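Coordinates in review
Read off the chains here:
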Amino acid sequence: MSALPSPRFLAQVAVTLLLAWLAAQLCLVLHTPLPWMLGPLISVSLASIAGAPTQSWGRLRNLGQWTIGGALGLYFTPAVTALVAGLWWAIALAIGWALLLGWAFGRWLYRVQAPSMLQLPDMTQARLRATTYFSGSIGAASEMTLLAEREHARTDLVAASHSLRLVIVTVTIPFALQWAGLHGDPSLIAPSIRIVQWPGLAWLVLATGAGALLMLKLKRANPWFLGALIVSMGLTMAGVELSAVPQWLMNAAQLVIGVSLGVRFRREFLHTAPRWLGMVALGTVGLMLICAGFAWLLHWGTGLPWVTLLLGTSPGGITEMAITAKVLQLGVPVVTAFQVCRLIAVLLLVAPLYRWLNRASLSS
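Residues numbered from 1 in each chain as written. Predicted model: local features only at pLDDT ≥ 70, side-chain atom pairs only at ≥ 80, totals over all residues. Heavy atoms only, no water.

Here we look at the overall build of the protein chain
Quick reminder of the rule: Per the convention used, a helix needs a DSSP run of H or I reaching at least four residues, while a strand needs a run of E reaching at least two, with both numbered from the N terminus. Note on method: radius of gyration uses C-alpha positions; expected globular size equals 2.2 Å times residues raised to 0.38. Whether a residue is buried, partly exposed or exposed follows from its accessible area with a 1.4 Å probe, protein chains only, as a fraction of its type maximum: under 20%, in between, or over 50%, in that order. Two residues form a contact once any of their heavy atoms are found within 4.5 Å. The accessible surface values rely on the Shrake-Rupley method and a 1.4 Å probe; as for residues, cover is taken only from the protein chains in view. Here the positive residues are Lys and Arg and the negative ones are Asp and Glu; neither His nor the chain ends is included. Every charge is mapped to an atom, namely NZ of Lys, CZ of Arg, CG of Asp or CD of Glu.
Each helix and strand counted, the protein chain has 15 helices and zero strands in total. Relative to the globule expectation of 21 Å for 364 residues, the C-alpha radius of gyration of the protein chain, 20 Å, shows essentially globular dimensions. Considering only C-alpha atoms, the protein chain reaches an extent of 65 × 55 × 45 Å along its principal axes. Per-residue burial over the protein chain gives 53% buried out of 364 residues. The long-range fraction of contacts in the protein chain, counting pairs at least 24 apart against all pairs at least 6 apart in sequence, stands at 79%. Split by element, the accessible area of the protein chain, about 16700 Å² in all, is 70% carbon and sulfur. A distance of 3 Å separates the average location of the 22 positive side-chain charges in the protein chain from that of its 9 negative side-chain charges.

Written out as structure tokens, the structure reads:
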């Protein structure tokens, strides 16, 4: 068993949570989108960059992901599942698009960074190629960093690029959607059950917790989110309606997830190759615009709301985009299905594709 955190660490976590809660209250007063996630994210990011000793406890983030996964699975009623299954071709296109876009982003990063970074004593063409490839890949930050380490890339740059891109997408898209007044299809909104009831909630907690622990034992990506999601989805698809998830628990989950994102931005983060971060930020804006165009093509082909497909294909994280869809009522099942399938495909294919591309470049 891991040792208990020190009292100092727990005190820093408590102060950080208090700051996050106050920021969420301010966002509620200001009527900003996703107040329980964006308020904590922005406030903790600013405090961290200013040098404050902010802290995020991994166990709280795990509980947050467990809560969100269990709640999202309640949207997959048999009728909605049939709708999502009929979109298999659009999901397959979105997976191919994500792989192509990630490769193109990595190639662009290589071209703009090569003149300066190849002058560094510890940087070779092969290492820079691996660094830019995994920095551009549209996947989970921790998993992409691990894959990059196996290919001897600069993992600090890979982690920084994914963290920055995730925060830019998470903050920009909700504000843009609220400002534009865009909405999804009400038929894709309602979960299978909206009432919190006992002992159904206890059974839902036990079942989704078991799914999360199984995924954790199998060493799968995002085990607390995906394990809870899969179990909750399975129960809902089978017509088993145990309980809704309390709103206060959903708010708390969003808060701790926002905090976990915000603490990544320490003061030293800004000193990590400033030009690199600038190019990642510029490229992320370009990715969002390109994905908006791709979502419009899928909207034309499927008839689903463009804004729902925008979240489903955006270069953001699965948890953050699913929360955005739920809070703004933008077709949770479709967004979740697109993001989950993309995550699984990217984790399985991005490393073999890198090796294949690397061999092809060496042989040419």
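Right, picking up where we left off after that structure.
Some remarks on the side chain of Ser232
Note the threshold: N or O atoms within 3.5 Å of each other form a polar contact, as long as, within protein, one can give a hydrogen and the other can take it, and as long as residues adjacent in sequence are counted only when both atoms are side-chain atoms.
Within the element layout of this structure, Ser232 appears in helix α10 (residues 223–237). In this structure the side chain of Ser232 is engaged in a polar contact, spanning 2.7 Å, whose partner is the backbone oxygen of Gly70. From its side chain, Ser232 meets the backbone nitrogen of Leu74 in a polar contact 3.5 Å long. With residues up to four places along the chain from it excluded, the contact list for Ser232 reads Gly69, Gly70, Gly73, Leu74, Leu204 and Thr208.

Remarks on the confidence of the model for the protein chain
Formally: Summary of the metric used: pLDDT quantifies the predictor's per-residue confidence within the range 0 to 100.
When pLDDT is averaged along the protein chain, the result is 86; 94% of the residues meet or exceed 70. Helix α1 (residues 7–30) holds the highest mean pLDDT among the elements of the protein chain, 94, whereas helix α7 (residues 141–150) holds the lowest, 78.

Description of helix α11 (residues 247–262)
The periodicity of an α-helix, 3.6 residues per turn, causes residues three or four places apart in sequence to face the same way. The test is simple: Expected helix span is given by 1.5 Å per residue-to-residue step, counting one fewer step than there are residues.
With 16 residues, α11 extends 23 Å between its outermost C-alpha atoms, agreeing within 8% with the 22 Å of an ideal straight helix rising 1.5 Å per residue. Across the 16 residues that make up α11, a large majority, twelve, are buried. For α11, the set of buried residues is Met250, Asn251, Ala253, Gln254, Leu255, Val256, Ile257, Gly258, Val259, Ser260, Leu261 and Gly262. Elements that come into contact with the buried residues of α11 comprise α1, α2 (35–49), α3 (58–73), α8 (155–180) and α14 (318–327).

Focus on the nonpolar core
Applied cut-off: Only buried residues count toward a nonpolar core, which is a set of Ala, Val, Leu, Ile, Met, Phe, Trp, Tyr and Cys residues joined through side-chain atoms within 4.5 Å.
By size, the foremost hydrophobic cluster in this structure holds 95 residues, and its most contacted members are Ile68, Leu226, Leu311 and Phe338. With sequence-adjacent residues up to four places away left out, Ile68 is seen in contact with Phe225, Met250, Ala253, Gln254, Ile257, Thr319 and Ile323. In terms of nonpolar packing, the next biggest core, distinct from the first, is built from eight residues, Trp36, Val256, Val259 and Val263 among them.

Describing the pattern of salt bridges
Note the threshold: Salt bridges are defined by distance alone: a side-chain nitrogen of Lys or Arg within 4 Å of a carboxyl oxygen of Asp or Glu.
Counting across every chain of the model gives two salt bridges. Here Arg355 and Glu151 are joined by a salt bridge, their closest N and O atoms 3.3 Å apart. With a gap of 204 residues between them, Arg355 in helix α15 (residues 332–363) and Glu151 in the loop between α7 and α8 connect regions that are remote in the sequence. Judged by its relative accessible area of 19%, Glu151 falls in the buried class. Arg154 is the salt-bridge partner of Asp156, the closest N and O atoms lying 2.9 Å from each other.

Details of the packing of aromatic side chains
For clarity, the cut-off: What counts as a ring pair is set by centres within 6.5 Å for rings of Phe, Tyr and Trp (its six-membered ring), and what kind of pair is set by the plane angle: stacked under 30 degrees, edge-to-face over 60, tilted for all other angles.
Summed over the entire model, instances satisfying the criterion amount to six aromatic pairs. Ring centres of Trp66 and Trp224 lie 5.8 Å apart, and the angle between their planes is 40°; this geometry places the pair in the tilted category. Taken together, the residues Trp66 in helix α3 and Trp224 in helix α10 connect sequence positions 158 residues apart. With respect to class, Trp66 is no different from Trp224; both count as buried. Ring plane angle 50° and centroid distance 5.3 Å describe the contact between Phe134 and Tyr354, whose orientation is recorded as tilted. Of this pair, Phe134 sits in helix α6 (residues 125–136) while Tyr354 sits in helix α15; the two residues are 220 residues apart in sequence, bridging distant segments of the chain. According to the relative accessible area criterion, Tyr354 is buried, its value standing at 5%. A network of ring pairs unites the aromatic residues Tyr133, Phe134 and Tyr354 as a single cluster.

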